[in-house]
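Now for the letters of each chain:
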Amino acid sequence: MNVTLSSSELKKEGIEKTAQLSGANFFSCYQCGKCTAGCPASEFMDIPPHEVIRLLQIGQIEEILEKNSIWICASCITCAVRCPKGVDLAKIMEALRQIVLRKNVNYVHPSSVSKEELRTLPQIALIANFRKLTG
Amino acid sequence: MEVVSYMPGCTLKTSGRNFEKSAITLFDILGVTMEELDRWVCCGTTYSLSSDNIMNQLAPVRTLLRAKETGRRELLVLCSMCYNTLRRAQSLVLHDKEKRDKINEFMYREKTTFDGDEIRVVHLLNYLKDSVGFERVAKRVVKKPSDLKIALYYGCMLLRPHEVSVDESSEDPTIMEELFSLCGVTPVYFPFKTECCGSYQTVNQRDMVLSRAERIVGSAAKNGADMIVVSCPLCCHNLDSSQQRVADTVRGFRKIPVMYISQLLALLVGADDAGDYRLHSVDPRPVLKEKGLIG
Ligand code: SF4
Ligand code: SF4
């Protein structure tokens with residue numbers, strides 16, 4: 001993990017927005033790693049969930065957004081129910097996704113889903129996926 | 001005959017139709033009529049996790065309004081994702097006055113408001129436990145499967161967050177174990193019962209879902225399960241349709257059929273079949289025949 005402390009306005013804005021959209025206090029996280037231990041997606045993430053929180057605490061929002069972690073999260077809410085400090089990491093992941101998606105950037109392009117997949121995937125998979133990963 | 005208002009959701013009309021059909025059969029036998037709401041809309045499938053997004057609460061709230069208009073106090077839901085979304089929307093409206101007012105203002109053309117306490121969103125399992133009674137279900141069982149072992153899979157949306165959990169424990173739930181044990185079926189030890197299947201990442205992170213399926217189904221197989229029982233059409237898809245691809249690459253992987261709660265229950269209480277078997281990737285018929293559940 002690359003750590004550079006900085007307090008530029010842009011970063012501050014991102015941190016404030018994350019706090020506002022998630023309603024979660026990520027400063028109370030004490031880095032125990034329980035969220036990562038139970039996360040079904042962490043092995044596919046560039047950086048694990050507890051590191052996402054650490055980077056937020058030190059204002060490194062760009063570094064989080066360069067990594068795939070927020071897009072791999074499956075919103076299973078396991079981290080949020082297990083965190084001993086009551087940090088709702090699932091909501092933080094959502095807030096970070098929203099910060100990107102609200103700039104009209106899509107992570108998934110519905111047109112790239114093949115006809116075969118459209119035929120076989122249940123609607124709830126498609127709707128949930130587009131709800132989470134498109135702007 | 002008892003009547004209960006019911007919201008199917010989109011997937012129960014298509015790939016998950018075995019879930020709906022078998023539940024209707026089951027309820028018929030139990031003496032309860034499931035009355036589908038005249039109008040309902042897609043719940044949005046995932047509850048909005050960002051605090052300022054009220055727009056996405058409108059769809060579930062409108063469905064709750066339709067439920068209120070029936071004059072009944074309960075809304076039965078089968079699909080885990082609909083259950084979670086509707087239940088959380090209801091709870092948001094009940095507890096957040098500011099958002100409640102905003103939502104009702106926006107829906108000013110509706111004949112009535114929704115205040116959050118008019119409707120209880122009830123999942124199939126809780127309805128069977130609290131309104132029908134597990135004992136009453138068990139009394140209806142006519143088929144005694146010879147030594148059928150099942151892995152009961154809860155996934156995420158029936159349990160998390162804790163406020164909406166169908167069981168007192170969201171870490172080690174036992175409501176399904178209780179039901180099926182009473183009905184004469186043996187649940188196996190299944191430590192992966194609350195692990196996420198990968199959910200909607202099945203659309204663009206297929207490898208992750210395959211790896212989840214390998215572990216979850218693998219655990220059920222290792223513990224001797226003949227079948228996995230689920231309550232979510234997305235879990236069902238991810239666990240069922242991934243198995244062939246896992247079996248192609250993982251030596252010794254044993255495929256296991258995946259069925260909905262109501263499919264197995266309907267068979268136990270005497271239904272002739274559990275729906276359209278073509279909707280299954282791993283055909284459940286060999287196991288069902290072997291255990292004497294179908295002819
Ligand atoms: S479980 Fe909670 S306190 Fe522990 S590292 Fe994760 S967010 Fe921080
Ligand atoms: S909600 Fe996301 S980050 Fe949290 S455990 Fe689930 S997949 Fe991991």
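This one's a predicted model, so the numbers in the text were calculated from it and none came from an experiment.

Asks: Break down empty space enclosed by the protein for me, with residues and values.
Replies: Taken as a whole, this structure holds three cavities of 30 Å³ or more when the rule is applied. Taken as a whole, the largest cavity encloses approximately 220 Å³ of empty space. Lining the largest cavity are 25 residues, and of these Ser75(A), Met81(B), Cys156(B), Met157(B) and Ser199(B) sit closest to its centre. Of all the elements in the fold, those that place two or more residues in the lining of the largest cavity are helix H3 (80-95) and helix H9 (233-241) of chain B. The element that contributes the greatest number of residues to the lining of the largest cavity is H3(B), accounting for four residues. When its residues are assigned to classes, the lining of the largest cavity shows 15 nonpolar, seven polar and three charged. Estimated volume of the second largest cavity: approximately 120 Å³.

Asks: How would you summarise the interface of chain A and chain B if you had to cite specific residues and measurements?
Replies: Counting residues at the interface gives 39 residues for chain A, matched by 41 residues for chain B. For the pair chain A and chain B, the summed buried surface comes to about 3,500 Å²; carbon and sulfur atoms form 57% of the total. Linking chain A to chain B there are three salt bridges. For the pair chain A and chain B, the interface holds 21 residue pairs in polar contact (both at pLDDT 80 or more). Where the side of chain A that touches chain B is concerned, the elements lending two or more residues are helix H1 (9-22), helix H5 (69-72), helix H6 (78-82), helix H7 (89-101), helix H8 (115-120) and helix H9 (123-133) of chain A. The leading source of residues in the side of chain A that touches chain B is H9(A), at ten residues. Along the lines of polarity and charge, the residues of the side of chain A that touches chain B split into 23 nonpolar, seven polar and nine charged.

Asks: For the sheet that holds strand E4 (residues 120-123) of chain B, give the residues involved together with the corresponding values.
Replies: All names here are of chain B. Reading across from one edge, E2-E1-E3-E4 is the order of the four strands in this open sheet, with parallel pairing throughout. Edge strands, defined here as strands with exactly one partner in the open sheet, are strand E2 (32-36) and E4. On average, each strand axis in the sheet is tilted by 45 degrees relative to the strand beside it, whichever way the strands run. The pairing of strand E1 (residues 2-7) with E2 spans five bridges and is parallel. Directly across from Tyr6, in E2, lies its bridge partner Glu36. Where H3 meets the sheet, its contacts fall on E1, strand E3 (74-77) and E4, and the angle it forms with E4 comes to roughly 160 degrees.

Asks: Account for the pattern of salt bridges, naming residues and giving values.
Replies: Residues and elements named next belong to chain B. Applying the stated criterion across every chain yields a total of 27 salt bridges over all chains. Put simply, Lys193 and Asp172 hold a salt bridge, and the shortest N to O gap is 3.0 Å. Within this pair, whereas Lys193 is found in the loop between strand E6 (186-187) and helix H8 (206-222), its partner Asp172 is found in the loop between strand E5 (149-152) and helix H7 (175-182), the two being separated by 21 residues in sequence. Under the relative-accessibility criterion, Lys193 is labelled buried at 9%. The closest approach of N and O atoms between Asp226 and Lys291, which form a salt bridge, is 3.8 Å. Within this pair, whereas Asp226 is found in the loop between H8 and strand E7 (227-230), its partner Lys291 is found in the segment after helix H12 (285-290), the two being separated by 65 residues in sequence. Just as Asp226 is buried, Lys291 falls in that class too. Here the salt bridges do not stand alone but share partners, grouping Arg62, Arg66, Glu69 and Glu110 into one network.

Asks: Report on the layout of surface pockets, specifying residues and quantitative values.
Replies: Roughly 640 Å³ of internal volume is contained in the largest pocket. Around the largest pocket sit 34 residues that line it, and Tyr47(B), Arg88(B), Ser91(B), Pro161(B) and Glu163(B) are the ones nearest its centre. Breaking the lining of the largest pocket down by element, the ones donating at least two residues are H6 of chain A together with H3, E4 and helix H5 (124-132) of chain B. The element contributing the most residues to the lining of the largest pocket is H3(B), with seven residues. In this model, the second largest pocket occupies a volume close to 400 Å³. Along the wall of the second largest pocket there are 19 residues; nearest its centre are Thr120(A), Ser15(B), His237(B), Leu279(B) and His280(B). Counting only elements with at least two residues in the lining of the second largest pocket, the list comes to H8 of chain A together with H9 of chain B. Of the residues assigned to the lining of the second largest pocket, the class counts are seven nonpolar, ten polar and two charged.

Asks: Go over the packing of H7(B) against helix H11 (residues 261-268) of chain B with me, naming the residues and quoting the values.
Replies: Residue and element names in this part refer to chain B. Closest axis-to-axis distance for the H7/H11 pair is 11 Å, and the angle between their directions is 15 degrees. Between H7 and H11, the crossing angle belongs to the class labelled roughly parallel. Between H7 and H11 lies a crossing whose hand is left-handed. Residue-level contacts link Met176, Leu179 and Phe180 of H7 to Ile261, Leu264, Leu265 and Leu268 of H11. When the residues that make up the contact of H7 with H11 are grouped by side-chain class, the tally is seven nonpolar, no polar and no charged.

Asks: I'd like to hear about the domain arrangement of chain A, residue by residue, with values.
Replies: All names here are of chain A. In terms of domain boundaries, chain A breaks down into domain 1 (7-103) and domain 2 (106-135). For domain 1 versus domain 2, the distance between C-alpha centres works out to 24 Å. The partner domain 2 presents six residues to the five residues of domain 1 that form the contact. Taking both sides of the interface into account, the surface hidden between domain 1 and domain 2 amounts to around 560 Å²; carbon and sulfur atoms contribute 62%. Among the residues domain 1 hides against domain 2, the three largest losses belong to Trp71, Glu94 and Leu101. Together they make up 74% of the total. On inspection of domain 1 and its partner domain 2, the count reaches one salt bridge. A salt bridge links Glu94 to Lys132, with the nearest nitrogen and oxygen atoms 2.9 Å apart. Our enumeration of links across domain 1 and domain 2 arrives at one residue pair in polar contact (both at pLDDT 80 or more). No other element matches H7, which puts three residues into the side of domain 1 that touches domain 2.

What counts, and at which threshold
- Residues numbered from 1 in each chain as written.
- Chains lettered and ligands numbered in written order.
- Predicted model: local features only at pLDDT ≥ 70, side-chain atom pairs only at ≥ 80, totals over all residues.
- Heavy atoms only, no water.
- 1 Å grid on protein atoms, 1.4 Å probe; cavity = no way out; pocket = protein on both sides within 12 Å on 5 of 7 lines; lining within 4 Å.
- Points joined across faces, edges and corners; volume = space filled by probe spheres on them.
- Helix = DSSP H or I, 4+ residues; strand = E, 2+ residues; numbered from the N terminus.
- Nonpolar A, V, L, I, M, F, W, Y, C, P; charged D, E, K, R; others polar.
- Contact = heavy atoms within 4.5 Å.
- Buried area = accessible area lost by both parts, 1.4 Å probe.
- Salt bridge = Lys/Arg side-chain N within 4 Å of Asp/Glu carboxyl O.
- Polar contact = N/O pair within 3.5 Å; in protein donor to acceptor, adjacent residues only side chain to side chain.
- Pairing = 2+ DSSP bridges.
- Axes fitted to C-alpha atoms, helices over the stretch in contact; angles between N-to-C directions.
- Buried < 20%, exposed > 50% of the residue type's maximum accessible area, 1.4 Å probe, protein only.
- Parallel < 35°, antiparallel > 145°, perpendicular 65-115°, else oblique.
- Left-handed = near helix turned anticlockwise from the far one by under 90°.
- Domains from an automatic or database assignment.

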